[in-house]
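Coordinate inspection notes
Residues per chain, in single letters:
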Amino acid sequence: MFSPGNEIVTFALGHYSSHVVTHFYNIQESCFSYNPNFQTGINHDALFRESSHRSKSTYTPRLVILDDPEALGFLSKEGCYKTSGNSSAEDDGEAQVIVTENKWERNEFISDVLKEKQSSEKDPNSSSTFLMKNSYNLDECTFSWSDYSITEFNNKTVVTLPKNTDYYDSYDKFTDFHSGISLWNKTSLHEDIEENTRFFMEEADNFQGFQVLFDGDNGYSGISSGCLELLHDEYHKKAILAVPVLYSDLSPSDDVVAQHRKRSKKIYSLTSGLSVSSQYCNLITPMSHIFDPWGKNPRTRVLNNIQYRPDLMYHTSALLAATLDLFTLPCRLQIKSSSLHSIASSINVYGRSITAAGIRLPLPTERGGNEFSSIEKITGNFFDSLTPCIEITPENIDVQSVATKGLGKNQVNYNPDAVNDFLKLYLYNNFPRVISSVGSCKSRFRVPRTFPKVIDESFNLSMVDNCYGPLAEFIAFGGMHNSKDMGNVLNSLYENARSIKINRIPGFGATDSDIDYKELFEDMKNLSLKYSDITYV
């Protein structure tokens, strides 16, 4: 199933980032094919590693997750679900696992995971193991990303924040960029991250780069700055894709002063994090379900054929994960893959490293319909944007990388070259002035069993409709787009940050931090100028 090389190490720094990366790896695992007669077209070895783990051979992701220890819930720090009840410590036969007491009940999915595990352990050679459903409704029983993680992790994956320090107390209070910087520099956190990174790097054959997700508008933005600097200094020849993810609590508040302070801290943390990221990363792709997450009255995006709840991290992070899966697909293809470095080189022209993410999920095709004709019937913008303040139109895009899953699969003789040629022609006709690169794989976008029910089921191409049948499948497109409008977005963020009287915000005064925010903001201004019409080709 796996071919060697082209490894990628993924980081998820922050609680919302952990939600996104959990969905992302669930999507990867749902695409595994155990049928030697069907090749998915995806090189899963790019993200996963084979190892002997807990006395059995298994595949675990090259992944480092950083979050509050209380977010683990029923997941141990060793990376597996606990089989016993609530406890502060559990001996699993290998080492003692310290876990905080759970504050919520097991949902149906976790209960079924444990039943399946127990069934398998009783009789490993039996074919009558416990059956998992193909879909679970977890909207009202998901309190953390650990409540729906399908993937089994390596014991080098989960890192927890040192609590009760001068820099970190709880997630809700971890809102300052400089608190993240201090936590990184003045605790053992950076040593833990460095050690776990080295573990994954030492066993790689042909390592291509890093993808670093981080909460972009709170203290994790500061942590990511230290992490990105570490990766750049230690592995400077490897490509780095940074993905700041933004989540906004849209619930109204009567406390105007508190809302202003909260917004100010978000703007400062986001501006500072993007400024630092641009120094160390080949590409930066911010993502959010909010059109204007730093605005005074932020509004959610409306997406084609998708109905989601913006108040649930569980829902919104799934959309970002699907987008991430699609626009990074060219790095994981078995045939005609593109390295992370080559994609960055083609899209990041003249230092315009911040790009937009687009998605079309699903392609509106009925079962047995002609999917190529379905593409040509689409009106309006082909891609829904999930990058703040940016729409993806033929007029504002200059360079893009587009990938698709499942296009042409129902043809009698699937031909990836023919699919790519069709996609290039379609993009040329609809984005005539845009330089486009494409990638495709035969397997469709398979929806993991813990994915929220947000996609229009009328376009589900799976032929079975019972709860124990195959997973739902859709044709999907994703893209990474370099938009000239990004200059206006960055300039707007710069102006917002510069206008804030930060000395009036507790924790940001001159005596509270040695960070030169003025210099960081000027770097942001210079970055925005790279997108101006004068320098744009």
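Here's what I pulled together on the structure shown here. (Residues numbered from 1 in each chain as written. Predicted model: local features only at pLDDT ≥ 70, side-chain atom pairs only at ≥ 80, totals over all residues. Heavy atoms only, no water.)

**Structural notes on the overall build of the chain**
Applied cut-off: What counts as a helix is a DSSP run of H or I of at least four residues, what counts as a strand is a run of E of at least two, and both are numbered from the N terminus. Relative accessible area decides the class of each residue, using a 1.4 Å probe on protein chains only: under 20% of the type maximum gives buried, over 50% gives exposed, and in between gives partly exposed. Note on contacts: a residue pair is in contact if any heavy atoms of the two residues lie within 4.5 Å.
What the chain contains, in helices and strands, is 12 helices and 18 strands. Put simply, the chain has 537 residues, and 57% of those count as buried. Sequence separation of at least 24 residues holds for 80% of the intrachain contacts in the chain that already meet a minimum separation of 6.

**Focus on helix H12 (residues 517-529)**
Selection criterion: One less than the number of residues in a helix, times 1.5 Å, gives the span that helix is expected to have. Working note: the arc is built from the helix axis to C-beta atom directions. We define a polar contact as two N or O atoms separated by no more than 3.5 Å, with the added condition that, inside protein, one atom must be a possible hydrogen donor and the other a possible acceptor, whereas residues neighbouring each other in sequence contribute only through side-chain atom pairs.
With 13 residues, H12 extends 19 Å from end C-alpha to end C-alpha; this agrees with the ideal 18 Å at 1.5 Å per step. Within H12 the residues assigned to the buried category are Tyr-517, Leu-520, Phe-521, Met-524, Leu-527 and Ser-528. With its buried residues spanning 110 degrees around the axis, H12 presents them on a single face. Contacts from the buried residues of H12 go to helix H3 (177-186), helix H6 (256-280) and helix H11 (486-499). Taking the backbone nitrogen of Lys-518 as reference, a side-chain oxygen 3.3 Å away marks Asp-516 as the first, capping residue of H12.

**Remarks on the packing of H6 against H12**
This is how it is decided: Between N-to-C directions, angles span 0 to 180 degrees; the directions come from axes that are lines fitted to C-alpha atoms, helices contributing only their stretch in contact. Any angle from 65 to 115 degrees is called roughly perpendicular, while one under 35 is roughly parallel, one over 145 is roughly antiparallel, and all others are oblique. Each crossing gets its hand from how the near helix is turned against the far one by less than a right angle, where anticlockwise is left-handed and clockwise is right-handed. Three classes are used, and their members are as follows: Ala, Val, Leu, Ile, Met, Phe, Trp, Tyr, Cys and Pro are nonpolar, Asp, Glu, Lys and Arg are charged, and the others, Gly among them, are polar.
Look at H6 against H12: their axes get within 9 Å of each other, and the N-to-C directions meet at 65 degrees. It follows that H6 is roughly perpendicular to H12 by the angle criterion. You can see that H6 and H12 cross each other, and the crossing is left-handed. Contacts from Tyr-268, Thr-271, Ser-272, Leu-274, Ser-275, Val-276, Ser-278 and Gln-279 of H6 reach H12 at Tyr-517, Leu-520, Phe-521, Asp-523, Met-524 and Leu-527. A class-by-class count of the residues in the contact of H6 with H12 yields eight nonpolar, five polar and one charged.

**Comments concerning the pattern of salt bridges**
To keep things clear, this is the line we draw: Salt bridges, as used here, are contacts in which a Lys or Arg side-chain nitrogen is within 4 Å of a carboxyl oxygen on Asp or Glu.
Going through the model one piece at a time under the given rule, you end up with 21 salt bridges. Two residues, Lys-405 and Asp-325, come together in a salt bridge whose shortest N-O distance is 2.8 Å. In this pair, Lys-405 is assigned in strand S14 (residues 397-405) and Asp-325 in helix H7 (residues 313-327), connecting sequence segments 80 residues apart. Like Lys-405, the residue Asp-325 is buried in the burial classification. Glu-473 is paired through a salt bridge with Arg-446; the nearest N and O atoms lie 3.5 Å apart. Of the two residues, Glu-473 is situated in strand S17 (residues 473-474) and Arg-446 in strand S16 (residues 445-446); the sequence distance between them amounts to 27 residues. Three or more residues joined by partner-sharing salt bridges are found here, namely Lys-409, Arg-444, Arg-446 and Glu-473.

**Observations concerning the sheet that holds S14**
Quick reminder of the rule: When DSSP locates at least two bridges between a pair of strands, those strands are taken to pair.
The strand order S13-S12-S18-S14-S15 describes an open sheet built from five strands, whose pairing is mixed. Among the strands making up the open sheet, the edge pair consists of strand S13 (384-385) and strand S15 (435-441). In the sheet, S14 pairs with S15 via seven bridges, with the strands oriented parallel. Counted as the bridge partner of Ala-403 is Gly-439 from S15. Of the strands in this sheet, S14, S15 and strand S18 (476-483) touch helix H10 (residues 416-430), which is tilted by about 145 degrees from S15.

**Quick notes on the packing of aromatic side chains**
To keep things clear, this is the line we draw: Centres within 6.5 Å are what make two rings of Phe, Tyr or Trp a pair, Trp counting through its six-membered ring; a difference in plane orientation under 30 degrees is then read as stacked, over 60 as edge-to-face, and the rest as tilted. For a ring to carry a charge above it, either NZ of a lysine or CZ of an arginine must fall within 6 Å of the ring centroid while also lying within 35 degrees of the normal to the ring plane.
Tallied over the full model, the rule gives 23 aromatic pairs. With 5.5 Å between their ring centres and 80 degrees between their planes, Tyr-25 and Phe-48 make a pair best called edge-to-face. Of this pair, Tyr-25 sits in helix H1 (residues 15-30) while Phe-48 sits in strand S2 (residues 48-53), and the two are 23 residues apart along the sequence. Tyr-25 sits in the buried class, given a relative accessible area of 1%. Taking the relative accessible area as the measure of exposure, Phe-48 reaches 1% and is therefore buried. For the cation-ring pair, Arg-360 lies above Phe-382, with the distance from its terminal atom to the ring centre recorded as 5.5 Å.

What is shown is where atoms sit, not what they do.
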